[in-house]
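# Per-entry structural report
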Amino acid sequence: MDFSIASILMLDGVTNGAIYALLGLATVLVFTVTRIIFIPQGEFVAYGALTLAMLQTGKVPGTVWLLVILAVVAALMEGVARWRHNGQFGSALRAAFKTLVFPVLVAGLAIWAAPQQLPMGIQAVLSVAIVTAFGPLVYRVAYQSLESATPLVLLIVSVGVHFAMTGLGLLFFGAEGFRNPSFWDLRFPLGPVTLSGQMVIIFAVSLALIVMLWLYFERSLRGKALRATAVNRTGARLMGISSHSAGQLTFLLAALIGALSGLLIGPTTTVYYDSGFLIGLKGFVAAVIGGLASYPGALLGALFVGIVEAFGAFWASAFKEVIVFTLILPVLLARSLRGGHSDEDH
Amino acid sequence: MTMKNLPLWLLAAAIPLVAWLPLPDFWIIQLNYIGLYALVCLGLVLLTGVGGLTSFGQAAFVGIGAYTTAWLTLNLGMSPWLTVWIGLAITAVSALILGAITLRMSGHYLPLATIAWGLSLYYLMGNLQVLGKYDGLQGLKSLSIGTLSIGQGRLFFILTWAILLVGALALLNLLDSRPGRAIRSLKGGSQMAEAMGINTFRYKVTIFLIASLLASIGGWLLAHFQLTVNPSAFGLKMGIEYLFMAVVGGVGHVWGALVGAALMKLLDDYLQVALPALIGTSGSYEVIVFGIAMVLVLKYMPDGLWSMVAKFLPRSDRPVDWQNAAELPARNKPAMGESVLEVHQIRKQFGGLVAVNDISFEITAGQIVGLIGPNGAGKSTTFNLITGLLSKTSGQVKFRGQDISALRSRLIARLGMARTFQHVKMIPDMTVLENVAMGAYTRSGSGVLSSMLRTNRAEEQRLMKEAQRQLERIGMGAYLHEQAGNLAMGPQRLMEIARALCCDPALLLLDEPAAGLRHKEKQDLILVLRQLQSEGMSILLVEHDMGLVMDVCDHLVVMEFGTLLTQGTPAEIQASPAVRAAYLGTEH
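Residues numbered from 1 in each chain as written. Chains lettered and ligands numbered in written order. Predicted model: local features only at pLDDT ≥ 70, side-chain atom pairs only at ≥ 80, totals over all residues.

All right, on to the overall build of chain A then. What chain A contains, in helices and strands, is 14 helices and two strands. Taking 2.2 N^0.38 as the reference for a compact globule, 346 residues should give roughly 20 Å; the C-alpha atoms of chain A span a radius of gyration of 20 Å, in line with that estimate. Excluding contacts between residues fewer than 6 apart, the proportion of contacts in chain A whose partners are at least 24 apart in sequence is 76%. (Helix = DSSP H or I, 4+ residues; strand = E, 2+ residues; numbered from the N terminus. Rg over C-alpha atoms; globule rule 2.2 N^0.38 Å. Contact = placed C-beta atoms within 7 Å.)

And the structure:
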């Protein structure tokens, strides 16, 4: 290996690492606020990339129909829950409507826009909107009534959601893979490596998202409310922060991050309906390296995972995944030796 | 035998019956699969349902068992009856490594590690030339005894289901034993178990090991059943499906594994045909149904299908067969007046907050000392520092002359210090008797293996006898077979005292024992405490009922805001203006 190959691998690793960083951040975010280990994070990635691919072909993406179905289920659950709570039909109807309105608007827009062959930028925004709308609905339908369950139960629910979302992905997108066109076709020679426009976009968007998340959690009241929920749910509820809306908001952010990640990687690799799982899990390994609690830790972990993967692919391409996923064991060992933390009931 | 084991006897009777029924071969094959899956799920029942841990790596362990026997029989021509043990050994080593790494940390690290591990093992199996890459290894031989081939039909059915039956029986035996009660305590957090002298980490590793060994045997059987192995049967998807089987069937029940495996296998077969036909293209759409069903089951039937059946099974009390059992060994007690506990300048800081500020006091044998003070004074924290539940920032604690400052709570318990908790910690789905028997954990020694083989009965009888004796002593003789979770608050606290007494302690620490007790029960409690005192036991008591404290204590230690306010006899304390000010405030 010479310097030029090493730098190409480095660049490749850091590019992938930037995506893993975003997914790792989403994982940490969801876990700290809701204690849910959100395995299906990667499904949002695949949904995002494939929704755009479908729009490119001028078809209405299957995710739109799924969104409508999910929104109806969520609205029914919301309405029934409200009706049971206070027995007022009007209020139940309002609650159901509130749940329904955004997803249905997005779906309507998508159905109208799909055959119009709009510019790719608009299709991208639409794809993000569709997938983002899934976030709160998934939380409402699968997790909300289990809020007080143990992390273990929530983890198993996550696995169930992952199964369902992967299967539905197959149903709506088919087994065929798609590679999206690049958002920016420019190439910049930079010493021994060539920086593509897509890479620049990946770095820029990742950085921007990380800064925005940081600002959101440090500077805005809503972000602080989420952090409060992460520290102490009961305490936060007593302060008037609803754990329901905190969970839905968190999932909204997670879905948004997932969809954006999907758009970012769409042009660099062929995405299949089940590609998201491995990509998401690598973000997950990054988050675990950061202890599932630290954003900078997840960021560093992600870059590490990306670089290890790139070099692993070069030396032993068949064992790339083995190397990345075995990596978690020494990391966990190190955490365990450092004392870890035990789960105690107080 | 009790009615509780009814399914066991039905199963035992059904094995030879089914094998000789004129069933079509297809159904025998199905039953073989169900038996294999149930064997793997059995491990998850122990690990997830009973122990509160979970693993997505069961399929990976199945893979280790399967690939080990496949490779060794194909390449070295070894006998399958030998390779099963080698597979078990390899499985044990990997399980111990994984467990040792992850089980000291929060509960969710084990599932995470098993996900990553299951994935990497899948890709490893799929890429190694010697294991035939994704095609796997073909051409295995059926199991045979001498010249008799077991094949894939009825003989294989008998073998698999006999192993399943033995496994289920061993697990049932284990769960109803000294180590089994320790395992059942893991789910509720480790504090109580450790305070009873139980090494919770060791038991977590143990159940993870047992679960993986069951999976490994399953893999061995599967390899010689399908006569071919390839990675897809051992990937993460299958690991998740095993967990799903256990959850649907009822992860807390041994028989849930069987129900879940049967349901999943049949459903899987049906959906794999029906869904593609419905949708029009081939593909594994059944995961949609499984995924949604998994969420629904966890929401609306968290105890699984078997719990529905279990409701209708007759329950019977544990037969009382221990009247003639020998007493458990008792420890030598300190002589009256000898120093039992010396607390010297102990301190606990949480960041900048000093919760306990250099507290010192002493207890001698036969003394009842009360630790009192307003809410938030640091009494319970002091308790936790003495019993080793919390680590001290500084200071020293001596118990019967031995420095125990640095010891963990379970080692302190072994020395003869027993405690109760301010918030009752128990195993709600065990009977009062079984809960109390946990207290005598350190006075007994039977392990996992002897419990599975049921050679521990004599010791079990001694444990139950001791538990009954202590319960009767504290006036709880009528509640022996009641489920602990059904008790009211007062009796729950009394049960904790009986459990602590089962430890045969020289020093008893009671954290608000009278909270929730009625007047009559309090009077009885005072009598019990006095009686214990007359037997030479020392007691340290945190209590808010001043009547009881003043009545029963010889010496009082008063805390306020983490510091020692004063100490002395009840009369002195009652007269102290400082104590009055602490409780009632000062006049201005």
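Time to look at the overall build of chain B. Counting its regular elements, chain B contains 23 helices and 14 strands. When the backbone C-alpha atoms are referred to their principal axes, chain B occupies close to 90 × 55 × 45 Å. The proportion of buried residues among the 588 residues of chain B is 52%. Long-range pairs, those at least 24 residues apart, make up 75% of the contacts in chain B with a sequence separation of at least 6. (Buried ≥ 20, exposed ≤ 12 C-beta atoms within 10 Å, placed from the backbone.)

This next bit is on the nonpolar core. Judged by nonpolar contacts, the single largest core of 302 residues is most densely connected at A:Val285 and B:Cys41. At 15 residues, helix 2 (residues 25–50) of chain B tops the list of elements feeding residues into this core. Those residues in contact with A:Val285, other than ones at most four positions away along the chain, are A:Val305, A:Val324, A:Phe325, A:Leu327, A:Ile328 and B:Ala116. (Core = buried A, V, L, I, M, F, W, Y, C linked by C-beta atoms within 7 Å.)

With that settled, consider the sheet that holds strand 5 (residues 339–350) of chain B. All names here are of chain B. Within the open sheet, the four strands sit side by side as 6-5-8-9. Their pairing is antiparallel. Every other strand in the sheet has two partners, leaving strand 6 (353–364) and strand 9 (402–403) as the edge strands with one partner each. In terms of strand pairing, strand 8 (residues 394–399) meets strand 9 through two bridges, oriented antiparallel. Within strand 9, the position partnered with phenylalanine 399 by the bridge is glutamine 402. Sheet strands in contact with helix 14 (residues 379–386) are strand 5, strand 6 and strand 8, and its direction is about 65° off that of strand 6. (Pairing = 2+ DSSP bridges. Axes fitted to C-alpha atoms, helices over the stretch in contact; angles between N-to-C directions.)

Before going further, it helps to examine the domain arrangement of chain B. How big an interface is tends to be stated in terms of the accessible area lost upon association of its parts. Residues and elements named next belong to chain B. The domain boundaries assigned to chain B delineate domain 1 (27–235), domain 2 (339–416 + 505–584) and domain 3 (426–488). Here domain 1 and domain 3 have C-alpha centroids that lie 31 Å from each other. Opposite the 16 residues of domain 1 that make contact, domain 3 presents 18 residues. Listed by contribution, the elements that provide at least two residues to the side of domain 1 that touches domain 3 are helix 6 (154–175) and helix 7 (178–184). (Domains from an automatic or database assignment.)

Turning next to the environment of B:Ser450. Residues and elements named next belong to chain B. Along the chain, the position of serine 450 falls in helix 17 (residues 448–452). We classify serine 450 as partly exposed; it has 18 C-beta atoms within 10 Å. Separated by 23 residues in the primary sequence, serine 450 and arginine 473 have C-alpha atoms spaced 31 Å apart. Not counting residues up to four positions away in its chain, the partners in contact with serine 450 are Thr455 and Asn456.

What follows is about the packing of helix 1 (residues 3–34) of chain A against helix 11 (residues 275–289) of chain A. All names here are of chain A. Running from amino to carboxyl end, helix 1 crosses helix 11 at an angle of 70°, the nearest separation of the two axes being 7 Å. Comparing the axis directions of helix 1 and helix 11 gives the class roughly perpendicular. The chirality of how helix 1 crosses helix 11 is right-handed. Contacts between helix 1 and helix 11 pair Tyr20, Ala21, Leu23, Gly24, Thr27 and Val28 from the former with Ile279, Gly280, Lys282, Gly283, Phe284, Ala286 and Ala287 from the latter. Considering only residue class, the contact of helix 1 with helix 11 consists of eight nonpolar, four polar and one charged. (Parallel < 35°, antiparallel > 145°, perpendicular 65-115°, else oblique. Left-handed = near helix turned anticlockwise from the far one by under 90°. Nonpolar A, V, L, I, M, F, W, Y, C, P; charged D, E, K, R; others polar.)

Glancing now at the interface of chain B and chain A. At the junction of the two partners, chain B supplies 38 residues and chain A supplies 42 residues. Listed by contribution, the elements that provide at least two residues to the side of chain B that touches chain A are helix 4 (80–102), helix 5 (109–127), helix 10 (236–249) and helix 12 (286–300) of chain B. A per-class count over the side of chain B that touches chain A returns 22 nonpolar, 14 polar and two charged.

This part is about unusual backbone geometry. All names here are of chain B. Despite not being glycine, leucine 227 shows a phi value in the positive range, around 65°. Within the element layout of this structure, leucine 227 appears in the loop between helix 9 (200–226) and strand 4 (228–229). The phi dihedral of aspartate 358 falls on the positive side, at around 50°, and the residue is not glycine. Residue position: aspartate 358 is located in strand 6. For aspartate 358, a count of 15 C-beta atoms within 10 Å translates into the label partly exposed.

Residues and elements named next belong to chain A. Here strand 1 (residues 187–190) runs beside strand 2 (residues 193–196); their pairing, made up of four bridges, is antiparallel. Bridging from a neighbouring strand, phenylalanine 188 pairs with leucine 195 of strand 2. The turn linking strand 1 back onto strand 2 is made up of two residues, and glycine 191 within it adopts a positive phi angle of 60°.

Residue and element names in this part refer to chain B. Taking 1.5 Å of rise per residue, the 26 residues of helix 2 would be expected to cover 38 Å, and the 36 Å separating its terminal C-alpha atoms lies within 8% of that figure. In helix 2, a bend of some 35° at leucine 44 exceeds every other bend along the element. Extensive coverage of helix 2 is indicated by the burial of 20 of its 26 residues. Just downstream of helix 2, glycine 52 is the residue with a positive phi angle, here 70°. (Expected span 1.5 Å × (residues − 1). Bend = angle between axes of the 7 residues up to and from the residue.)

Looking now at the pairing of strand 14 (residues 563–568) of chain B. Residue and element names in this part refer to chain B. Direction of pairing for strand 13 (residues 555–560) relative to strand 14: antiparallel, over a ladder of five bridges. Residue pairing in the sheet places valine 557 in a bridge with glutamine 567 of strand 14. Hairpin connection between strand 13 and strand 14: a loop of two residues separates the two successive antiparallel strands, and phenylalanine 561 in this loop has a positive phi of roughly 50°.

Once that is clear, we can look at the confidence of the model for chain B. All names here are of chain B. Looking at chain B as a whole, the pLDDT averages 87, with 98% of positions reaching at least 70. Element-level mean pLDDT values for chain B span from 78 in helix 1 (residues 6–20) up to 93 in helix 9. In the model output, the complex is listed with pTM 0.89 alongside ipTM 0.87. (pLDDT = per-residue confidence, 0-100.)

The predicted model of chain A has a mean per-residue pLDDT of 85, with 97% of residues at 70 or higher. Here residues 340–346 of chain A is a poorly scored stretch, pLDDT under 50, and it has 14 contacts once near neighbours within four places are set aside; other chains count.

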